[in-house]
Amino acid sequence: MEWAKQTYNEQYEAWMPWIEDHFLKYFTKDNKASYATKEQLDKAKVTGIDQVDTLQDGVHSLVAGQVGQGGLLQPVGDLASKEGINRAERQGKDDSGGYLPTSVPVLGGLLK
């Protein structure tokens, strides 16, 4: 039973960030950074005045859209999503299970 639980947790840790990324990519115009930005900005909304709420919704969408798909800062949002949010969800590990990036030759040698 412990083996099944451990295997499930490992597979969840490996695949869930990938599933979330692709869901956001294909069904919304967000990446994780723009989605989190939009969620945090929505918490600061002034309620009660419809015109102000509408204006704030527009500004929040504009700001979050800049780091989302097609936005001016999309590369920054993609990097923050992949290297920041996904690593945080995986306790600091990248998608191949390592802590140091293997794409950098100097750091790749430290892993061996």
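As the structure is a prediction and not an experimental result, all values here were calculated from the model.

## Considering the packing of aromatic side chains
Piece 1. Inspection of the entire model under this criterion finds 3 aromatic pairs.
Piece 2. Between Phe-23 and Phe-27 the ring centres are 5.0 Å apart and the planes differ by 40°, which places this aromatic pair in the tilted class. Of this pair, Phe-23 and Phe-27 both sit in helix 1 (residues 2-27), 4 residues apart, roughly one helical turn.

## Notes on helix 2 (residues 32-43)
Piece 1. Compared with the 16 Å implied by 1.5 Å per residue over 12 residues, the 17 Å span of helix 2 between its first and last C-alpha is a close match.
Piece 2. Inspection of helix 2 places Lys-32, Ala-33 and Ser-34 among the buried residues, and these make up the whole buried set.
Piece 3. Where helix 2 is buried, its residues contact helix 1, helix 3 (50-67) and helix 4 (74-89).
Piece 4. Where helix 2 begins, the side chain of Asn-31 points an oxygen toward the backbone nitrogen of Ala-33, at a separation of 3.2 Å.

## Topic: the pattern of salt bridges
Piece 1. This model, assessed by the stated rule, comprises 3 salt bridges.
Piece 2. Here Asp-21 ties to Lys-32 by a salt bridge, and the two come within 3.7 Å at their closest N and O atoms. In this pair, Asp-21 sits in helix 1 while Lys-32 sits in helix 2, placing the two residues 11 residues apart along the sequence.
Piece 3. Look at Asp-21 and you get partly exposed, because its relative accessible area is 26%.
Piece 4. Sharing partners across several salt bridges, the network here consists of Glu-20, Asp-21 and Lys-32.

Parameters at a glance
- Residues numbered from 1 in each chain as written.
- Predicted model: local features only at pLDDT ≥ 70, side-chain atom pairs only at ≥ 80, totals over all residues.
- Heavy atoms only, no water.
- Phe/Tyr/Trp six-rings, centres within 6.5 Å; stacked < 30°, edge-to-face > 60°.
- Helix = DSSP H or I, 4+ residues; strand = E, 2+ residues; numbered from the N terminus.
- Expected span 1.5 Å × (residues − 1).
- Buried < 20%, exposed > 50% of the residue type's maximum accessible area, 1.4 Å probe, protein only.
- Contact = heavy atoms within 4.5 Å.
- Polar contact = N/O pair within 3.5 Å; in protein donor to acceptor, adjacent residues only side chain to side chain.
- Salt bridge = Lys/Arg side-chain N within 4 Å of Asp/Glu carboxyl O.

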